[in-house]
Amino acid sequence: MSRRALRRLRGEQRGQEPLGPGALQFGFRDDDDAEEEGPKRGPGGRRPRSPGKEGVRVNNRFELINIEDLEEGPVVNGERSDGLRTEAVVSGSKRKSQSGSAEPRKDGEVDDRTGPLEQSNVSGKLRKKKKKQKNKKSSTGETSENGLEDIDRILERIEDSSGPHHPSPPPLSSRKHVLYVEHRHLNPDTELKRYFGARAVLGEQRPRQRQRVYPKCTWLTTPKSTWPRYAKPGLSMRLLESKKGLSCFAFEHSEEYQQTQHKFLAAVESMEPNNIVVLLQTSPYHVDSLLQLSDACRFQDDQEMARDLVERALYSMECAFHPLFSLTSGTCRLDYRRPENRSFYLALYKQMSFLEKRGCPRTALEYCKLILSLEPDEDPLCMLLLVDHLALRARDYEYLIRLFQEWEAHRNLSQLPNFAFSVPLAYFLLSQQADLPEQELSSAREKASLLVRQALIMFPGVLMPLLECCSVRPDAAVACHPFFGPNSEISQPPALSQLVSLYLGRSHFLWKEPAIMSWLEENVREVLQAVDAGDPAVEECENRRKVLYQRAPRNIHRHVVLSEIKEAVAALPPDVTTQSVMGFDPLPPSDTIYSYTRPERLSPVSHGNTIALFFRSLLPSYTMEGERQEDGGAEGLDHNQGLNRLMLAVRDMMATFHFHDPEAPHEDHAEGDGEWD
């Protein structure tokens, strides 16, 4: 009878019987036992292993689970590790040698030294088994390390195939469009992580991300849990046309959104920010209300709330994007002449300004490229006056040089003072980097010197204000020379003075480094030598200044208004400063394309009399008989209360009036006849 049948008769279960001699040992079974037991299956219905893969005979069934997988080793990258394979072979050979040296004993044989041999055998096997498990764990750890090394090698191959990796931006030969926008650079956290580390930036945000309930993934902003629950406000986008690889889109307002827009315009005309707050309580994602209230918070030095409102406006507009609208391709266009599209331009500009003040110039540069890509030909917000400044602050000198090289032929960027001075500064700062070859450094230095001399000849009125902003006293030979003297500032046209003031008010601190000042001094002396020698380029540039800068276009005035730089705003012409500039739509274009018009309202000035206008000036809630709304008794009661308050106010005002009687005798003041002590 087999052992299994005996255990069943005795009521014993496998793994509960006491350990006996040879319970944990290596060895082959006798032929008799094999014939009695027959072909057995291991746990899970598996057949016993071949003699080449002889395992450990144990009584606990759970010790045999996955023992084949453990012996053969884990799979890493689709292959089994060689180290584990060799270990399995060595351990198998050791087990064979041990089993071969030990004589197989039958069940009927009894040894006199059964007790001590049994204890020593069990303890020795357990120690060997523990040691084997430790070796397998260590080999598994080594295998995982080897797997990580393999992943690193794969990443290195990918980087090598894509091009050399440098800490600096991609080279000028990059095939991407010059206005190509990268999604990862639209997130300010990406730049802040590079400065302060991921733990400092996302330490408090990580546990909150699991509680996020916003279904839509956005690139421009990250929705916050403190915002109202998003519901479609009636804002959408449609595709107008596609031609020559460009797609023209436009935002659309539903009828409900149009009614909200009319209420917003009425709230703006009331000059009361609380009316906009009341409107946002019913329409929390109305874009123009969010932008206007953001300006009000910014004027009250509540920068955090102002930035939060702009982000909410961007989120509302991004949720309305057309499926074909792309932020990164640089081929999607939005016409600024449509009032529905202007809100997106202004929201992007305000977000860019907040990012620059926050210390994220690389992210602000990406927003600037995005605004410029929406309508690069017209450039309604004149982002070309700002992109050079952000590129220098972000130390992306290659991008600024590439933009200048590709657009100089058809946009004449060298005729703008900001590009005329920023591009040579970018070349000079590029020549100061130590990771470039010596030939490239010398070439960049020569190019920088050549371009800055051309800029000084074209715009001589920039030098003295620049030195004054940098708190640098110029040399007497430079200050007294007529080319760079006060006459150079006075003789330049007003439009050019406005551009110079805008550039100096924004970028003068970039020139304060001693190395830059000494390099500028060398080139100023060479320019003076060329002027004294009668270089014909000096007279040619003077004639060009008189012709080109007669009057600045409207997009430059709009940019100056949005920039809020005091020196540039003071240089605006009177016809711009006398206009009413609204924060939600500054200086709208004259050829605006309206998709719907605001319904005309009867003005009280047109049909009211003098007494009614007087009462309305004292109490704005006063309405005449023809303007009353028949809404029930509550409206009439409110009207009577308002009329009573008006009568009380008029009565108090009349009580304070004093009439002057010319026939009454005048009393001399006692102080007039007195003498000074």
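Everything numeric in this text was worked out from a predicted model, so none of it was measured.

## Observations regarding the overall build of the protein
Then, number 1: Scanning the protein for helices and strands turns up 30 helices and 5 strands.
Then, number 2: Considering only intrachain contacts with a sequence separation of at least 6, the fraction spanning at least 24 residues in the protein is 71%.
Then, number 3: In the structure as shown, the protein presents an accessible area of about 41700 Å², 52% of it carried by carbon and sulfur atoms.

## A short note on the packing of helix α11 (residues 303-318) against helix α12 (residues 339-358)
Then, number 1: Where α11 contacts α12, the axes come no closer than 9 Å and their chain directions differ by 140 degrees. Here α11 lies oblique to α12, going by the angle between them. Relative to α12, α11 is oriented so that their crossing is left-handed. Between α11 and α12, the contacting residues are Q303, A306, R307, V310, E311, L314 and M317 on the first element and E340, S343, F344, A347, L348, K350, Q351, F354 and R358 on the second.
Then, number 2: In terms of residue class, the contact of α11 with α12 is made up of 8 nonpolar, 3 polar and 5 charged.

## Observations concerning the side chain of H322
Then, number 1: Among the secondary structure elements, H322 is positioned in the loop between α11 and β5 (332-334).
Then, number 2: Among the polar contacts listed, one links the side chain of H322 to the backbone nitrogen of L324, at a separation of 3.0 Å.
Then, number 3: The residues touching H322, leaving out its near neighbours within four places in the chain, are M237, R238, L239 and F249.

## Focus on the pairing of strand β4 (residues 246-253)
Then, number 1: Alignment of strand β3 (residues 235-243) against β4, held across 8 bridges, turns out to be antiparallel. Looking at the pairing, L235 lines up with H253 of β4.
Then, number 2: Between β3 and β4, which follow one another and run antiparallel, lie 2 residues, and K244 among them has a positive phi close to 55 degrees.
Then, number 3: In terms of strand pairing, β4 meets β5 through 3 bridges, oriented parallel. Bridge assignment links S247 to a residue of β5, and that residue is C332.

## Examining the sheet that holds β4
Then, number 1: As summarised here, the arrangement of the 3 strands in space is β3-β4-β5, forming an open sheet in which the pairing is mixed. For this open sheet the edge positions go to β3 and β5, each flanked by a neighbour on one side alone. For this sheet, the mean angle separating the axes of adjacent strands, direction not counted, is 35 degrees.

## Here's the deal with the environment of H481
Then, number 1: Checked against the element boundaries, H481 lands in the loop between α19 (476-479) and α20 (486-491).
Then, number 2: The exposure class assigned to H481 is buried, which follows from its relative accessible area of 14%.
Then, number 3: In this structure, the C-alpha to C-alpha distance between H481 and L528, residues 47 residues apart in sequence, is 8.3 Å.
Then, number 4: With residues up to four places along the chain from it excluded, the contact list for H481 reads L528, V531 and D532.
Then, number 5: Separated by 3.1 Å, the side chain of H481 and the backbone nitrogen of F483 make a polar contact.

## As for the packing of aromatic side chains
Then, number 1: This structure, assessed with the given rule, holds 18 aromatic pairs.
Then, number 2: Ring geometry for W227 against Y315: centres 5.9 Å apart, planes inclined by 55 degrees, an arrangement best described as tilted. Of this pair, W227 sits in the loop between α7 (198-202) and β3 while Y315 sits in helix α11, placing them 88 residues apart in sequence.
Then, number 3: For Y315, a relative accessible area of 1% gives the class buried.
Then, number 4: With a centroid separation of 4.8 Å and an interplanar angle of 55 degrees, the aromatic rings of F321 and F325 are classed as tilted.

## Some remarks on the confidence of the model for the protein
Then, number 1: For the protein, the mean per-residue pLDDT works out to 75, and 61% of the residues sit at or above 70.
Then, number 2: Considering only residues more than four positions removed or in separate chains, one finds that residues 140-145, a stretch of pLDDT under 50, has 5 contacts.

## A short note on the side chain of H389
Then, number 1: Tracing the backbone shows H389 in helix α14 (residues 387-393).
Then, number 2: H389 gets classed as buried once you look at its relative accessible area, which sits at 1%.
Then, number 3: Setting aside anything within four residues of it in sequence, one finds H389 in contact with E356, R506, S507, F509 and L510.

## Quick look at helix α13 (residues 361-374)
Then, number 1: Compared with an ideal rise of 1.5 Å per residue, which puts 14 residues at 20 Å, α13 spans 20 Å between its outermost C-alpha atoms and is within 8% of the ideal.
Then, number 2: By the criterion of burial, α13 is predominantly enclosed, with 14 of the 14 residues buried.

## As for the pattern of salt bridges
Then, number 1: Here the structure, examined in full by the defined rule, presents 22 salt bridges.
Then, number 2: Between K224 and E311 there is a salt bridge; the shortest N-O distance is 3.5 Å. Here K224 is found in the loop between α7 and β3, whereas its partner E311 is found in helix α11, with 87 residues between them in sequence.
Then, number 3: You can call E311 buried: its relative accessible area is 10%.

## Re the packing of helix α8 (residues 255-269) against helix α9 (residues 273-282)
Then, number 1: Between α8 and α9, the shortest axis-to-axis distance is 8 Å and the interhelical angle comes to 160 degrees. In terms of axis orientation, α8 runs roughly antiparallel to α9. Crossing hand, α8 versus α9: right-handed. Contacts between α8 and α9 pair T260, K263, F264, A267 and V268 from the former with N275, I276 and L279 from the latter.

## Observations concerning helix α17 (residues 438-458)
Then, number 1: With 21 residues, α17 should cover 30 Å at 1.5 Å per step; its first-to-last C-alpha distance of 31 Å lies within 8% of that length.
Then, number 2: Buried positions along α17 lie against α16 (417-431), α18 (463-469), α22 (514-532) and α23 (536-548).

## A look at the nonpolar core
Then, number 1: Grouped together as the largest cluster of nonpolar side chains are 128 residues, with contacts concentrated most on L220, F344, F419 and W511.
Then, number 2: Element by element, the count of residues in this core is highest for α16, at 10 residues.
Then, number 3: When we break this core down by domain, the ones giving at least three residues each are domain 1 (177-200 + 216-380 + 589-595) and domain 2 (382-551).
Then, number 4: What W511 contacts, discounting residues up to four positions off in sequence, is F421, L425, L466, C470, Y503, I516, M517, W519 and L520.

## Focus on the environment of P376
Then, number 1: For P376, the position within the fold is in the loop between α13 and α14.
Then, number 2: Residue P376 is classed as buried on the basis of its relative accessible area of 8%.
Then, number 3: Put simply, P376 and R333 are 43 residues apart on the chain and 8.7 Å apart in space, counted from C-alpha to C-alpha.
Then, number 4: Setting aside residues no more than four positions away along its own chain, P376 makes contact with L179, R333, W407 and R411.

## Some remarks on unusual backbone geometry
Leaving glycine out, the prevailing phi sign among residues is negative, and the prevailing peptide bond configuration is trans.
Then, number 1: Located in the positive-phi region is K244, a residue other than glycine, with phi close to 55 degrees.
Then, number 2: Checked against the element boundaries, K244 lands in the loop between β3 and β4.
Then, number 3: On the basis of relative accessible area, K244 is assigned to the exposed category, the value being 82%.
Then, number 4: One non-glycine residue with positive phi stands out, namely M271, at about 60 degrees.
Then, number 5: For M271, the location among the structural elements is in the loop between α8 and α9.
Then, number 6: By relative accessible area, which is 67% here, M271 ends up exposed.

Rules and cut-offs
- Residues numbered from 1 in each chain as written.
- Predicted model: local features only at pLDDT ≥ 70, side-chain atom pairs only at ≥ 80, totals over all residues.
- Heavy atoms only, no water.
- Helix = DSSP H or I, 4+ residues; strand = E, 2+ residues; numbered from the N terminus.
- Contact = heavy atoms within 4.5 Å.
- Areas by Shrake-Rupley, 256 points an atom, 1.4 Å probe, with all protein chains shown as cover.
- Axes fitted to C-alpha atoms, helices over the stretch in contact; angles between N-to-C directions.
- Parallel < 35°, antiparallel > 145°, perpendicular 65-115°, else oblique.
- Left-handed = near helix turned anticlockwise from the far one by under 90°.
- Nonpolar A, V, L, I, M, F, W, Y, C, P; charged D, E, K, R; others polar.
- Polar contact = N/O pair within 3.5 Å; in protein donor to acceptor, adjacent residues only side chain to side chain.
- Pairing = 2+ DSSP bridges.
- Buried < 20%, exposed > 50% of the residue type's maximum accessible area, 1.4 Å probe, protein only.
- Phe/Tyr/Trp six-rings, centres within 6.5 Å; stacked < 30°, edge-to-face > 60°.
- pLDDT = per-residue confidence, 0-100.
- Expected span 1.5 Å × (residues − 1).
- Salt bridge = Lys/Arg side-chain N within 4 Å of Asp/Glu carboxyl O.
- Core = buried A, V, L, I, M, F, W, Y, C linked by side-chain atoms within 4.5 Å.
- Domains from an automatic or database assignment.

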